[in-house]
Amino acid sequence: MIRGYPGRASVLPGERLVLHVATDSPRFCVGFYRWGDGLQLLWQSAWLPGERAPERGAAEDWGWPPYAFTVPKDWPSGVYIAHLQEPGGKPLDLALDSAAALFVVRGMRQGGMLYKLPLATYHAYNCTGGACYYLDPPRSADPPGARVSLQRPGGGIGGTVWCAPDHYDASSPRQTFAHWDARFLRWLARKGYAPECCTDLDLHDDPELLYRYRLLVSAGHDEYWSEPMRDAVEDFTRRGGNLACFAANVCWWRIHLVDGGTAMVCHQGGPRGARDHWWPQGGAGRPEDALSGASYRHGGGWWDGARSTAGYIVQQPGHWVFEGTGLERGEAFGQHTWPPLAGYECDGVPLDSFDRDTGIATLSAWRDEEGTPADYQLLAACPLDARWQELPPRTRHGAGEGVHAAAMGVFTRPGMVFAAGTTDWAQVLDSGRDQRVERITRNVLDRMLRL
């Protein structure tokens with residue numbers, strides 16, 4: 001058996017990538033693949049001497065033997081997979097391979113699109129070492145909370161993941177690169193977009209890297225953010241940069257990077273309550289709505305089994321986001337796709353009402369108390385009934401009260417911010433089953449790249 005992890009999951013061309021590897025075999029080699037419209041093998045190493053090393057706990061640096069590789073200067077920015085191979089090993093399986101490690105090669109472009117991987121979220125659900133934030137979380141006293149190490153196998157690929165199986169796609173676990181991000185990046189490649197890539201930890205370490213780009217894109221499940229990450233993205237949009245979130249559960253938990261950025265801590269509960277919610281009554285006191293325009297508090301989750309939804313119902317058909325779709329006011333889309341567009345988790349906005357006959361929603365007059373930007377425009381919404389898991393009560397509602405919906409909207413700060421309000425946008429987009437979803441995506445990306 002062979003497994004490994006990167007010392008740092010992000011490098012520039014010409015820099016050293018250090019992989020930490022343990023194997024039962026006396027020798028192994030590494031195949032380096034870039035992900036675009038599928039896997040592309042760029043280089044295969046010579047045979048290297050293998051060493052055994054013990055597994056450790058989820059909160060520890062596993063300290064496995066290091067192997068250094070220089071990243072060629074001509075490798076383009078993107079997401080890469082290091083496939084660790086013993087003699088007679090199997091081909092790389094992007095979805096389920098335990099003998100693989102994910103890393104990003106960053107770029108130095110001026111302008112264009114930057115795609116961000118949610119590495120912190122991957123590791124929050126990474127159970128390698130027997131624990132994660134959701135299963136027997138190891139405890140930290142300073143800062144208080146649950147602690148997991150980034151120096152262990154997993155983090156997008158190669159780990160053991162805590163999650164409910166996806167009814168619509170059991171081929172890859174949720175909270176892995178293959179499930180959402182790989183699909184969005186594959187669609188981008190097929191449609192001629194050429195984003196550069198980074199991880200969320202890059203934004204924590206170097207917020208100024210954003211200033212070289214016009215557009216930051218996030219997709220899938222982007223749940224865990226540190227304060228420097230969030231500060232960097234909000235400053236980017238305040239300076240005129242654009243943000244497109246084809247994601248949900250965005251910025252739900254605050255994390256603290258510790259030990260030189262090799263581990264992270266999040267306080268999610270205990271006798272004194274959760275201190276690391278971003279929402280107003282949480283410990284951070286910075287509503288996540290102010291970042292993306294929407295929040296999981298106003299949406300909900302459907303984690304198991306087949307979902308039943310009315311689809312996203314159009315509120316403003318004349319908006320440029322819907323150009324070329326043919327959609328009319330009150331018309332729904334995404335209800336018959338596989339999976340339904342309203343996904344595993346959804347973000348929403350405060351609504352006073354949702355007329356089931358006309359499909360028209362009314363934004364609450366008190367939405368500013370929740371952090372909704374003043375110029376937020378609700379473009380489409382999908383009502384979520386009592387079968388969806390709801391989150392903590394809002395400012396003016398008790399548990400189970402108020403209107404819950406997945407919300408798609410846009411606002412400016414003065415950069416433009418778009419939020420789709422669902423985790424499963426990437427799956428519907430990549431499937432090609434709803435051309436209106438593709439056209440909306442193109443409209444958002446193309447306009448934001450021009451601004």
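Keep in mind that what you see is a predicted model, and the values were worked out from it rather than measured.

Cut-offs and rules
- Residues numbered from 1 in each chain as written.
- Predicted model: local features only at pLDDT ≥ 70, side-chain atom pairs only at ≥ 80, totals over all residues.
- Heavy atoms only, no water.
- Helix = DSSP H or I, 4+ residues; strand = E, 2+ residues; numbered from the N terminus.
- Pairing = 2+ DSSP bridges.
- Axes fitted to C-alpha atoms, helices over the stretch in contact; angles between N-to-C directions.
- Contact = heavy atoms within 4.5 Å.
- Parallel < 35°, antiparallel > 145°, perpendicular 65-115°, else oblique.
- Nonpolar A, V, L, I, M, F, W, Y, C, P; charged D, E, K, R; others polar.
- Core = buried A, V, L, I, M, F, W, Y, C linked by side-chain atoms within 4.5 Å.
- Buried < 20%, exposed > 50% of the residue type's maximum accessible area, 1.4 Å probe, protein only.
- Salt bridge = Lys/Arg side-chain N within 4 Å of Asp/Glu carboxyl O.

Student: Just checking my understanding: could you explain unusual backbone geometry for this structure?
Tutor: Excluding glycine, most residues fall at negative phi; most peptide bonds, likewise, are trans. The peptide bond linking Asp142 to Pro143 adopts the cis configuration, its omega dihedral lying at 0 degrees. Mapped onto the secondary structure, Pro143 falls in the loop between strand E11 (139–141) and strand E12 (144–149). Here the residue pair Arg413 and Pro414 is connected by a cis peptide bond, since its omega of 0 degrees sits within 30 degrees of zero. Here Pro414 shows up in the loop between strand E26 (405–412) and strand E27 (416–419). Backbone geometry places Cys251, a non-glycine residue, at a positive phi of 55 degrees.

Student: Whenever I open this one, the sheet that holds strand E15 (residues 224–226) confuses me. Can you help?
Tutor: Across a sheet, paired strands are connected by hydrogen bonds in the backbone, their directions being either parallel or antiparallel. Strand order in this open sheet of five strands is E11-E12-E18-E17-E15, and the pairing throughout is mixed. Here the strands that pair on one side only, and so sit at the sheet edges, are E11 and E15. Pairwise comparison of adjacent strand axes, ignoring direction, gives a mean angle of 45 degrees for this sheet. Looking at chain direction, E12 and strand E18 (residues 263–266) are connected through four bridges and run antiparallel. Bridge pairing in E18 places Arg147 opposite Val265. Running over the sheet, helix H4 (residues 227–238) touches E15 and strand E17 (253–258) and is turned about 85 degrees from E15.

Student: Explanation requested: the packing of helix H2 (residues 181–190) against helix H7 (residues 435–450) in the structure shown.
Tutor: If you want to describe how two helices pack, look at the angle between their axes and the distance between the axes. Their axes nearest at 13 Å, the elements H2 and H7 cross at an angle of 75 degrees. Overall, the two elements H2 and H7 adopt an arrangement that is roughly perpendicular. Here Phe184, Trp187 and Leu188 of H2 come into contact with H7, specifically with Glu438, Thr441, Arg442 and Leu445. Residue composition of the contact of H2 with H7, grouped by class: four nonpolar, one polar and two charged.

Student: Looking at this structure, how should I read the sheet that holds strand E13 (residues 196–199)?
Tutor: Taken in spatial order, the nine strands line up as E13-E10-E14-E16-E27-E26-E25-E20-E21 in an open sheet, and their pairing is mixed. Two strands lie at the open edges of the sheet, namely E13 and strand E21 (332–333), each paired on one side alone. Two elements, strand E16 (residues 242–248) and E27, share three bridges in a ladder whose sense is parallel. By the bridge assignment for E27, Cys245 is matched with Ala419.

Student: Is there a simple way to explain the nonpolar core in this structure?
Tutor: The nonpolar side chains of a soluble globular protein tend to be buried with one another. Counting residues in each nonpolar core, the largest one holds 117 residues, and the members touching the most others are Phe177, Phe184, Phe246, Phe322, Phe333, Met408 and Trp425. At six residues, E26 tops the list of elements feeding residues into this core. Ignoring any residue separated from it by four or fewer positions in sequence, one finds Phe246 in contact with Phe184, Val217, Ser218, Ala219, Gly220, Phe418, Ala420, Thr422, Trp425, Thr441, Val444 and Leu445. By size, the runner-up hydrophobic cluster in this structure holds 20 residues, among which are Ile2, Leu19, Val21 and Ala101.

Student: Help me out: how do you make sense of the pattern of salt bridges in this one?
Tutor: In the structure shown here, the tally under the stated rule is 25 salt bridges. Residues Glu234 and Arg286 are paired through a salt bridge, measuring 3.0 Å at the closest nitrogen-oxygen approach. Here the residue Glu234 occupies a position in helix H4, and Arg286 occupies one in the loop between E18 and helix H5 (289–292), the gap between them amounting to 52 residues. One network of salt bridges, in which partners are shared, links Glu227, Arg230, Asp231, Glu234, Arg254, Asp276 and Arg286.

Remember, this is a structural readout, not a statement about activity or role.
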